[in-house]
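Residue-level structure breakdown
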Amino acid sequence: EKVTLSVIKADIGGWPGHSRVHPQLVETAEEILGRARGEGTIIDFYVATCGDDLQLIMTHKKGVDSPEVHGLAWDAFKAATEVAKELGLYGAGQDLLRDAFSGNVRGMGPGVAEMEITLRKSEPVVTFHMDKTEPGAFNLPIFRMFADPFNTAGLVIDPKMHMGFRFEVWDILKHRRVILNTPEELYDLLALIGAKSRYVIKRVYPKEGHSISKDEPVAVVSTEKLYEVAGEYVGKDDPVAIVRAQGGLPALGEVLEPFAFPHLVSGWMRGSHNGPVMPVPMHQANPTRFDGPPRVVALGWQISPRGELVGPVDLFDDPAFDHARRKAVEIAEYMRRHGPFEPHRLPMEEMEYTTLPGVLERLEERFEDIE
Ligand code: 13P
Ligand code: 13P
Ligand code: MG
Ligand code: MG
Ligand code: MG
Ligand code: MG
């Protein structure tokens, strides 16, 4: 029996600035999804938040890219935008970049991570929600979960996952993709995904011979690029991801372990700075220091045989992640001392999509050639 898990998210107004989602937006989305669950469009849902991003987590039987489910998400975002406008929230409707829905929210502003899966006897899943960063921020942790034996003991000691996994990597610039196998092509994979602003892990699949079909994703990341849709800077496309765990896949703790290291990601203030990603429980996902530092929330679920979401369990609500949080604060402090200098500020190529070119343009006529 197949069930689809869809996480669709959008920033439709911050409270205040870009800090967090106002509870009335959550209530509005809950009402609309609640009605849809009553009518049978979806099986179950949960509305979460991370920073200023509203996150719709849904299960249903309609497959990925379903016009009905995407349309439902769009309606929920639209309705919440109306509330955001009434409250005068900051950037009301920020991520809704098109006026009319045309069957699919991809390329319209919201971020999407979806997978259609054959439910196992027990289906543990983690949904990850990041704010103040971009999809490439998932490259390092997803790599470590599914390919790094120093992170995931199961790669070494569990015969069910010893054969490794397949990574689908997207070249964001050239709109193309490649599948690489690990461990055989580990170095090729790293050659690409180390360049996280260009090459982004989109999905991970099992290999032939795994108990899960090799065509069913075991991890998926949202990879929408807002600036390509908007044509100008409208905030970073704060990403989400879905990862399945246990039973020939990384154990829950192996899925979370990469976040014990607060790695550097792009985003933070004005989407223009490098900084550490801090693993936090939901109640701490309100980035305010220099609009950050970037956050990641991990929600744990068991999907019931009927497709219901049993959860969430707020997985970073564990003092064992205190050290990562402290370390993130320390790194944030260190990075901040660089002020407007690289590598705290992003390199020029990435600043192209911000407001910086507007400043540089004004200086253009002051330049003269050097002999
Ligand atoms: P339990 O013995 O608690 O089920 O744990 C097994 C396991 O795989 C932990 O990673
Ligand atoms: P968001 O992408 O979370 O809206 O943040 C934008 C920003 O400019 C923060 O300083
Ligand atoms: Mg915002
Ligand atoms: Mg955001
Ligand atoms: Mg954003
Ligand atoms: Mg429920």
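For the structure given in this document, a descriptive report is provided here.

Parameters at a glance
Residues numbered from 1 in each chain as written. Chains lettered and ligands numbered in written order. Predicted model: local features only at pLDDT ≥ 70, side-chain atom pairs only at ≥ 80, totals over all residues. Heavy atoms only, no water. 1 Å grid on protein atoms, 1.4 Å probe; cavity = no way out; pocket = protein on both sides within 12 Å on 5 of 7 lines; lining within 4 Å. Points joined across faces, edges and corners; volume = space filled by probe spheres on them. Domains from an automatic or database assignment. Helix = DSSP H or I, 4+ residues; strand = E, 2+ residues; numbered from the N terminus. Expected span 1.5 Å × (residues − 1). Buried < 20%, exposed > 50% of the residue type's maximum accessible area, 1.4 Å probe, protein only. Arc of directions from axis to C-beta. Contact = heavy atoms within 4.5 Å. Pairing = 2+ DSSP bridges. Axes fitted to C-alpha atoms, helices over the stretch in contact; angles between N-to-C directions. Nonpolar A, V, L, I, M, F, W, Y, C, P; charged D, E, K, R; others polar.

Let's talk about empty space enclosed by the protein
- A complete count under the given rule lists one cavity of 30 Å³ or more for this structure.
- A volume near 50 Å³ is recorded for the largest cavity.
- As for the largest cavity, its lining consists of K9, G109, P110, G111, P135, S222, T223, E224, D237, D238 and P239.
- Residue-level mapping places the lining of the largest cavity at the junction of two domains, with at least three residues from each of domain 1 (1–118) and domain 2 (120–356).

Points about helix α1 (residues 23–39)
- Its 17 residues give α1 an end-to-end C-alpha distance of 24 Å, which sits within 8% of 24 Å, the value for a rise of 1.5 Å per residue.
- Buried residues of α1: L25, V26, T28, A29, I32, L33 and A36, and no others. Viewed end-on, α1 has its buried residues packed into an arc of 165°, placing them on one side of the element. Those residues of α1 that are exposed and angled more than 90 degrees off the buried face are E31, R35 and G38.
- Looking at the packing, one finds that the buried side of α1 touches β2 (44–50), β3 (53–60) and α2 (67–87).
- Looking one or two places after α1, you find G40, whose phi comes out positive at around 90°.

Observations concerning the sheet that holds β3
- Spatially, the four strands line up as an open sheet ordered β2-β3-β1-β4, and their pairing is antiparallel. On the outer flanks of this sheet lie β2 and β4 (111–118), each paired with one strand and no other. On average, each strand axis in the sheet is inclined to that of its neighbour by 15°, with strand direction left out of account.
- Note: β2 against β3, seven bridges, orientation antiparallel.

Focus on the layout of surface pockets
- The calculated volume of the largest pocket comes to roughly 650 Å³.
- In terms of lining residues, the largest pocket is bounded by 28 residues, among which R106, W170, K202, T223 and E224 are the most central.
- When contributions to the lining of the largest pocket are tallied by element, the ones reaching two or more residues are β4, β6 (165–171), β7 (176–181), β8 (199–206) and α6 (226–230).
- Top element by residues in the lining of the largest pocket is β4. It accounts for five residues.
- Looking at side-chain class alone, the lining of the largest pocket contains ten nonpolar, three polar and 15 charged residues.
- Looking at which domains feed residues into the lining of the largest pocket, each of domain 1 (1–118) and domain 2 (120–356) supplies at least three.

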